[in-house]
Amino acid sequence: MSALADRHTPFIFNEWYVAAFGADVGRSLLARTLLGQRVVLFRTTEGSPVAMEDRCPHRSYPLSLGRLDGDTIVCGYHGFRYDSRGDCIEVPAMPNCPRNIGTRAYPLAERGPLLWIWMGDPALADESLIEPMPWTTSSDWGATTMSYQLRASYVSLHENLLDTGHASFLHANTIGEPDYVRAPTQQEQSPGRFTLIRTISPTTLPPIFGRPTGLEGRPTITRIARSDFLSPALYVIATTLFDGALNPSNRPEFHLRVSHMPTPETQTSCHYFLHIARDFAPDDSDISSFISSRFSGAFKEDVDALNLIEEIYSRSDGDFYEMSVGSDSLTLAMRRYLKERAEKEALLRSQKALSP
Amino acid sequence: MSALADRHTPFIFNEWYVAAFGADVGRSLLARTLLGQRVVLFRTTEGSPVAMEDRCPHRSYPLSLGRLDGDTIVCGYHGFRYDSRGDCIEVPAMPNCPRNIGTRAYPLAERGPLLWIWMGDPALADESLIEPMPWTTSSDWGATTMSYQLRASYVSLHENLLDTGHASFLHANTIGEPDYVRAPTQQEQSPGRFTLIRTISPTTLPPIFGRPTGLEGRPTITRIARSDFLSPALYVIATTLFDGALNPSNRPEFHLRVSHMPTPETQTSCHYFLHIARDFAPDDSDISSFISSRFSGAFKEDVDALNLIEEIYSRSDGDFYEMSVGSDSLTLAMRRYLKERAEKEALLRSQKALSP
Amino acid sequence: MSALADRHTPFIFNEWYVAAFGADVGRSLLARTLLGQRVVLFRTTEGSPVAMEDRCPHRSYPLSLGRLDGDTIVCGYHGFRYDSRGDCIEVPAMPNCPRNIGTRAYPLAERGPLLWIWMGDPALADESLIEPMPWTTSSDWGATTMSYQLRASYVSLHENLLDTGHASFLHANTIGEPDYVRAPTQQEQSPGRFTLIRTISPTTLPPIFGRPTGLEGRPTITRIARSDFLSPALYVIATTLFDGALNPSNRPEFHLRVSHMPTPETQTSCHYFLHIARDFAPDDSDISSFISSRFSGAFKEDVDALNLIEEIYSRSDGDFYEMSVGSDSLTLAMRRYLKERAEKEALLRSQKALSP
């Protein structure tokens, strides 16, 4: 069991994570804990996003409680001033600012509605590693976003996501139908990527899918769900829906892309960002509201369940075992991958710390 | 002092404890932590009580949040199904249910209004060890029940119960009278049983006893209280009341049996079940209400005091001493007994764990 | 950094600390934790203040929940009775009170509105060590008092107090003006005393000083603030205000003495007593109200900031560093002094504990 990532596994720092929806970052100071670090976010007068450690190195007062002055932050306690690279450029009581006092700034990359942050080794912050997600940037797709604070490890969330069979039980009244768990599945693996494809056909759609597509009530639907674990920070479910009774050459097909973006906050909590895109009626605000309302209800079921299990774990003496069955093979492979990557990185960090 | 049981002493598992009043267990899933274990309770369609560990062994979701389907529980997360012996009999995504996945079931015994559970070695679960308590089953006795969640060790509760002198102070306005603590007492001990008999005569009864018996206000009452520690799970106070000024051959005598049944929840909390029986006016609902209301007020004083002391202990650095005086001899003997029994059992468990 | 006192530094016990404003101690039992000890305070029938450990040595019930009976306390649990020296003088169930059962009493000294307590070695409790503070006892001074519960170490409070430059930032809207931090300062040190004198001239007073003195709005004011760390339990800011444009020989001068009296409660919390004296309009109740309201707002800013920093520290893994600059030299000297004194005392305690 120790080969599997869990709530005790160190963070994977060398990865792009969603720090925030870009729309939530502006000309006020936004405090957020990411991968165990307190971070303050804002935009410069020209609109560039900035992220730095949310702590004045002098006496640890949160910079987010200071004042944004142009592109600088003035600490609210003793007035130390920091520029957008985190360098201290003024100490009020002193004629010359001491050198080498500064707080850490973090690389950011903005892609459509998402603001990605790199908390690891800055030398490795390669923006080309960010997954292209055209459905978040193209106007062919309508989108709604939401987010949750999960009081559980991001590892539990990834396992929950990849173990899609729970839809028939935990989501029995929202996303799932009884036939979902029994439908045939196909697995794919490549390094760092884990995919499950589930084809339910024929089926009747639950209202959450049936209503916005107009396919509600028909017993001849094909529902294909492709679930991709793409990185510790990203998991996407691509759903294809059509009426199998219609002529394949001209029947309408409906596509959804639900992007799940967990960003660890602490070992046992995480930010859970969601982006729900559809390639039909992209500008229909009624459909957007319906999707937003129904999906947020469904994902809340995951959040509640994972919070609860974490609470049970946290109150146990730590001797909790898990029993896995054959249908868990894909999630176990994913957790093995997270564990290996986290441990490799932790080893590298400790070697660096020891090197002269 | 280390020879005395306290909040750090391991649980005594090989004992029958009250899990619940039987009336509280039915066709819905009841979650309860007993001796550090999460337990789910329900009744089968035929009415038999069932207790099992409240955790799906797959991913630790509480079974109590699943669904009762006939005599089986279906886990609310991934739909694993368990029968009333705790055996897993269905995994939805798999054609054949894997063997040897199961959750632990616990022996239960129902006696009158009380549902007893055995959390220890199942081989030792001998129902004849349950104390016969005819006053809980015979229609000659009227009864009321109540329960509290105590945020203190069950050891503190037992010490409180056996140290009956506190009635004159902590219960000065409810059960106690100033003369209670000064009355002559007599002690009896046999293996695992500790008895204190207190005879207050003549005395005037406090309203809690005086009103329902009609003896209120008379200065010539004899009150005999026999307090018996019978097991870690059971303590009974038998009270006899009569007017000593009347002719012994035909004066009315009134008897009460107050059964105190602590069941440890965690090291520092316990369920506190109470059964208050009387052999007079058994069907008088006004007297039942009066007793229920007054006694619950009095026992709340114990609960509040013990909660408070536990809170003080928990915030101290653990270097708390206690000073005992001569009148503490019986409670010290009881705590010595609990400690010896707990340690003997713990030793046996560790030997078993080591044996091949 | 380890040479500086911080939240982990042991308490300094051999010192007079304010236990309470005398007005808050009377004929009811007042519970308060001081230097990690639970203390109960009351006055005898003749009005003398009494302080003793707030715990019955028998079963740890708080004496403060017992009953004050003349000059004795009767424990609310089993009725043990203690006199004002903390000696047990009655155990209800026993004809003779056992000897040597008692709870600790602490030396107290009342000076004007302040009740000082000595929690250390009683042999060293020399009342002449208490700082004379004539402005708390003379009728030439008008005074208001207030107190806060700080959820931070008293060390952080002392550092905050001595580092007066923060007034321009944390108190930008209350006590501070932008020119405050830039004004020339002068430092003085003598064993165990640390002084900072700041002269701001010419300046305009913030309303908190300007309004009660009638100097509001004038741009020609001289403000001299002398800040004295006098003991771990006492810090005084003496402020002198006058209009520099007036003739020195007959211009009015205004003086304030703000006494800050931190008494550690736990390692990371403290009682923060305040006494604000002025030598002008001593009996003007409008001015008293104005000062009380404005100053309590200003000091609340310190309390909020220190609470917040402590919360950040407590959630960190303990690897927090601090970066100090040249202007921190006086506070660092003060923290070095507290650390040395605490360690010297702790060493002495451990030697005593080892000695035969």
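Up top is the structure.
Note that the coordinates shown come from a computational prediction; the quantities given were computed from them, not determined experimentally. (Residues numbered from 1 in each chain as written. Chains lettered and ligands numbered in written order. Predicted model: local features only at pLDDT ≥ 70, side-chain atom pairs only at ≥ 80, totals over all residues. Heavy atoms only, no water.)

## Re the interface of chain A and chain C
How big an interface is tends to be stated in terms of the accessible area lost upon association of its parts.
Then step 1. Contacts between the two partners involve 24 residues from chain A and, on the opposite side, 25 residues from chain C.
Then step 2. Of the roughly 2,000 Å² buried at the junction of chain A and chain C (both faces included), carbon and sulfur atoms supply 62%.
Then step 3. Here chain A is connected to chain C by 2 salt bridges.
Then step 4. Taking the shortest distance from any N to any O, the salt bridge between E159 of chain C and R59 of chain A comes out at 3.1 Å.
Then step 5. Our enumeration of links across chain A and chain C arrives at 8 residue pairs in polar contact (both at pLDDT 80 or more).
Then step 6. Residues of the side of chain A that touches chain C, tallied by class, amount to 14 nonpolar, 6 polar and 4 charged. (Contact = heavy atoms within 4.5 Å. Buried area = accessible area lost by both parts, 1.4 Å probe. Salt bridge = Lys/Arg side-chain N within 4 Å of Asp/Glu carboxyl O. Polar contact = N/O pair within 3.5 Å; in protein donor to acceptor, adjacent residues only side chain to side chain. Nonpolar A, V, L, I, M, F, W, Y, C, P; charged D, E, K, R; others polar.)

## Points about the packing of helix 1 (residues 154-162) of chain C against helix 4 (residues 329-354) of chain C
Residue and element names in this part refer to chain C.
Then step 1. The interhelical angle for the contact between helix 1 and helix 4, taken along N-to-C directions, is 150 degrees, at an axis separation of 9 Å. One way to sum up the angle between helix 1 and helix 4 is to call them roughly antiparallel. Crossing of helix 1 against helix 4: the hand is right-handed. Judged by residue contacts, Y154, V155, H158, E159 and L162 of helix 1 engage L330, T331, M334, R335 and L338 from helix 4.
Then step 2. Taken together, the residues of the contact of helix 1 with helix 4 break down into 6 nonpolar, 2 polar and 2 charged. (Axes fitted to C-alpha atoms, helices over the stretch in contact; angles between N-to-C directions. Helix = DSSP H or I, 4+ residues; strand = E, 2+ residues; numbered from the N terminus. Parallel < 35°, antiparallel > 145°, perpendicular 65-115°, else oblique. Left-handed = near helix turned anticlockwise from the far one by under 90°.)

## Here we look at the environment of M334 of chain B
All names here are of chain B.
Then step 1. Inspection of the secondary structure puts M334 in helix 4 (residues 329-354).
Then step 2. Once the C-alpha coordinates of M334 and P62 are considered, the two residues, 272 residues apart in sequence, prove to be 37 Å apart.
Then step 3. Among residues more than four places away in sequence, those in contact with M334 are H158, E159, L162, F194 and F229.

## Describing the sheet that holds strand 14 (residues 221-231) of chain A
Residue and element names in this part refer to chain A.
Then step 1. An order of 11-17-16-15-14-13-12 is seen for the 7 strands of this open sheet, with the pairing classed as antiparallel. Unpaired on one side and paired on the other, strand 11 (142-150) and strand 12 (185-190) mark the two borders of the sheet. This sheet shows a mean twist of 15 degrees between the axes of neighbouring strands, independent of strand direction.
Then step 2. In this structure, strand 12 lies alongside strand 13 (residues 193-203), joined through 6 bridges in antiparallel fashion. Following the sheet pairing, E188 is matched in strand 13 by T195.
Then step 3. Contacts from helix 1 (residues 154-162) reach strand 11, strand 13, strand 14, strand 15 (234-243), strand 16 (254-266) and strand 17 (269-278) within the one sheet, and its direction differs from that of strand 16 by about 160 degrees.
Then step 4. Against the sheet, helix 4 (residues 329-354) touches strand 12, strand 13 and strand 14, its axis set at about 160 degrees to strand 13. (Pairing = 2+ DSSP bridges.)

## Comments concerning the interface of chain B and chain A
Then step 1. With 24 residues of chain B at the interface, the matching set in chain A holds 25 residues.
Then step 2. In total, chain B and chain A occlude about 2,000 Å² of area from one another, counting both sides; carbon and sulfur atoms represent 62% of this.
Then step 3. On the chain B side of the contact with chain A, R55, R59 and Y77 of chain B bury the most area, a combined 33% of that side's loss.
Then step 4. On inspection of chain B and its partner chain A, the count reaches 2 salt bridges.
Then step 5. At the surface where chain B touches chain A, the tally comes to 8 residue pairs in polar contact (both at pLDDT 80 or more).
Then step 6. When grouped by side-chain class, the residues that make up the side of chain B that touches chain A number 14 nonpolar, 6 polar and 4 charged.

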